[in-house]
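Structural features, examined
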Amino acid sequence: MSGRPTRVKAVLGSVALLVATASAATAASASAATQGADSTYIVLYNDGASSADAATTVSSAGGTLVANYSQIGVVIARSSDPNFAATVQQNSKVGGAARTDGFGTKLGDVMANSGPVTGSAPAPGSDHLSGLQWDMNQINAPQAHAITGGSPSVVVGDIDTGLDFTHPDLAPNVDFADSASCVGGVANTNPAAWMDDNGHGTHTAGTIAAAKNGIGIVGVAPNVKLAAIKAGDAAGFFFPEAVVCAFMWAGTHHINITNNSYFADPWLFNCRNDAGQRAIWVAERRAIRFAQSNGTLVVAAEGNQADDLSHPTVDATSPDNQPPVTRDISNACAVVPVEVPGVVGVTATGNLREKSFYSSYGVSTTDVAAPGGDSILQRTTAAPNGRVLSTYPASLIDTCLRPVTDGAATYCYLQGTSMASPHVAGVAALLESATGKTAGALAAALQQATDPISCPSDTSAYDFFPALDGGAPQTCQGGAGHNSWYGSGEIDALKAVG
C-alpha cells in the first residue's frame, strides 16, 4: 500500500503512503536543551500539583528543562542520565516520567455560540483539476460552496508534518501568526521550522482549505484559514512531546478545529497498565482536553490497520522506530488522539461509499466517515486509481508515485484515513462558519450532517484484508443510525450549511 502516512504514521497517514506562547510554556534555549542531553522525557505532575518549580526539580534530577506546560502539569525535559526518570519521580509532586524516544505512543465541552461567523461568503465554481476530485463531489462540497466557502475568521490547525506555505493553492489561506513547529516539544514560529519536509501535511492541508483561485483543486472550506502546527518530523514520526506542544499551541491560540492524521510514535496502542506509557497517555490527554476546554474541536483519523479499535487484541506494529514486538493488548490500551473523549473519529470510504479496505474502525471510536480512497475494492470511472488528489510540495514531488501538475503547482494522489480526516475538519469549518457552533456543540452538529450508511449484509470482500495486527476478520456492528464502520454516516458538506 502506498503512502503509509509516509512512514508517517501519519497514519493515518496515507495508506499509500499521522508549544505554547511564552505565557503557556517556559522554554530553555535550543542549545541549552540539547547540550549533553541524549533523551527527551515527559514529566507528569500529580493532579493539582504546581509545576512552578519544574526547572529546579528537573535540574536536581540531572536534566534540563525544555518546556513547562503549567496549565496541565506537564513538563518536557532532556537528560543523558539513564536514571533521570526514576530520580525525578522521587519528588512528591511528580506522578510519572517517561523517556519519549523509548516509550513514545501513538498517536471539556464549551458552550456554543449562535449565528454565522463574520465574513462567511460563497465560493462557487471550479478550478482546473476539480474534475479529478471525486471525493469533493461525493460529499457535495461544490453545492455547499454555492452557499459558503467558509469564513477567514475560522482557523483550522493542521497538526501534521507542516505545510508548504509557498504552494500556490495554499498560500492565500496560510495563517502565519498561528503557525508553529512543535518538533522537540516547544513552539518555534519561524516559518522555516514549520515548512513541510515530508509532504503529508501539505496533502492534508489542501483537502481542508485549498483556495478557490483558478489553480489546481478546491478544498472543502476554501475561504477559511490554515495554521500549520508541525508535530511530525521529516521521517514522519510524531513523538509525545510534539503532540503535547501542538495541542497546547492550539488551545492558547484559539484554533477553532484541529485535524490529526497520525499516531504518536513509536507505540500504536498506548497501554495504561504500563507506567511509562501511562504517563505519556495522561500527558497527551491533558493537552487535548486543554485545547477542547478552550473551544477547539479535535478531529482524528482512525488508522490504517483494518483493526477494530473498540476490541483490540494484538499490537504487532510497535515500536515502529525499531524492530516491532508482538504484544497482547486490551481496552486498557488506546490510540491517541482518536480514543480521547470528545474527539471526532473518522473512518475512510472509497468512491462506492463503502469502507476502505484498510480503514480501522470501532463502535466506540467511529463518529463519521469520509472519503479516504480505496485503490483495490473501489476503483471507478470517477476514481480510476481509487485515491484522493491534493496539494504536494514541488520540492518533494519526486517522492510522490502518482503526481499531477497544473503549471508550476504540484499535486499527488494518496489514500488513507489521513485523507479522510481532513474532509471532516473542512466540513466542520464550514459548519462553524455557517452556525457559529464550537467544540462539543459543533461535534454534535457535525454528526447530524451525514448520510447514514448501514453495515453491509455481505462483508466477504473484506475477508482478504484482515487486521494487520493479529489477523482478526473485519466485522461491522450497529445499525444505520450508528455503527462501527461509518458512525452516523458519511459526512455531507451541503447538509452542514444548507
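Residues numbered from 1 in each chain as written. Predicted model: local features only at pLDDT ≥ 70, side-chain atom pairs only at ≥ 80, totals over all residues. Heavy atoms only, no water.

1. Regarding the sheet that holds strand 1 (residues 39–45)
What links the strands of a sheet is backbone hydrogen bonding, and the strands pair in either a parallel or an antiparallel sense. Across the sheet, four strands lie side by side as 2-3-1-4; this open sheet has antiparallel pairing. Taken across any chain shown, the strands that pair with only one partner, and hence form the sheet edges, are strand 2 (64–69) and strand 4 (94–99). Direction aside, neighbouring strands of the sheet carry axes that sit 20° apart on average. Of the pairings in the sheet, the one linking strand 1 to strand 3 (residues 74–79) comprises six bridges and is antiparallel in character. Each residue of the ladder has a partner; that of Tyr 41, found in strand 3, is Ala 77. Sheet strands touched by helix 9 (residues 240–252): strand 1, strand 2 and strand 3. Its angle to strand 1, the strand with the most contacts, is close to 55°. Running over the sheet, helix 10 (residues 275–293) touches strand 1, strand 3 and strand 4 and is turned about 70° from strand 1. (Pairing = 2+ DSSP bridges. Helix = DSSP H or I, 4+ residues; strand = E, 2+ residues; numbered from the N terminus. Axes fitted to C-alpha atoms, helices over the stretch in contact; angles between N-to-C directions. Contact = heavy atoms within 4.5 Å.)

2. Observations concerning the layout of surface pockets
Here the largest pocket is characterised by a volume of approximately 290 Å³. Secondary-structure elements contributing two or more residues to the lining of the largest pocket are strand 1, strand 4 and helix 10. Considering only residue class, the lining of the largest pocket consists of 10 nonpolar, eight polar and five charged. (1 Å grid on protein atoms, 1.4 Å probe; cavity = no way out; pocket = protein on both sides within 12 Å on 5 of 7 lines; lining within 4 Å. Points joined across faces, edges and corners; volume = space filled by probe spheres on them. Nonpolar A, V, L, I, M, F, W, Y, C, P; charged D, E, K, R; others polar.)

3. Digging into the packing of aromatic side chains
Tallied over the full model, the rule gives 11 aromatic pairs. Ring centres 5.1 Å apart and planes at 85° place the aromatic pair Phe 357 and Tyr 358 in the edge-to-face group. The same class applies to Phe 357 as to Tyr 358, namely buried. The rings of Tyr 361, Tyr 462, Trp 485 and Tyr 486 are connected pair by pair, giving a single aromatic cluster. The ring of Trp 485 carries Lys 355 above its face, with NZ or CZ at 5.1 Å from the centroid. (Phe/Tyr/Trp six-rings, centres within 6.5 Å; stacked < 30°, edge-to-face > 60°. Buried < 20%, exposed > 50% of the residue type's maximum accessible area, 1.4 Å probe, protein only. Lys NZ or Arg CZ within 6 Å of the ring centre and 35° of its normal.)

4. So, the pairing of strand 14 (residues 344–349)
Counting buried residues along strand 14, six of its six residues qualify, which places the element largely inside the surrounding structure. The alternating pattern of strand 14 places Val 344, Val 346 and Ala 348 on one face and Gly 345, Thr 347 and Thr 349 on the opposite face, and all of these are buried. Of the pairings in the sheet, the one linking strand 10 (residues 297–301) to strand 14 comprises three bridges and is parallel in character. What sits directly across from Ala 300, in strand 14, is Gly 345. Bridge count for strand 14 against strand 15 (residues 368–371) is four bridges, and the pairing is parallel.

5. Brief notes about helix 9
In this model helix 9 runs 18 Å from its N-terminal to its C-terminal C-alpha over 13 residues, within 8% of the 18 Å that 1.5 Å per residue would give. Counted residue by residue, helix 9 has 12 buried out of 13 residues, so it is predominantly covered. By the burial criterion, the buried members of helix 9 are Pro 240, Glu 241, Ala 242, Val 243, Val 244, Cys 245, Ala 246, Phe 247, Met 248, Trp 249, Ala 250 and Gly 251. (Expected span 1.5 Å × (residues − 1).)

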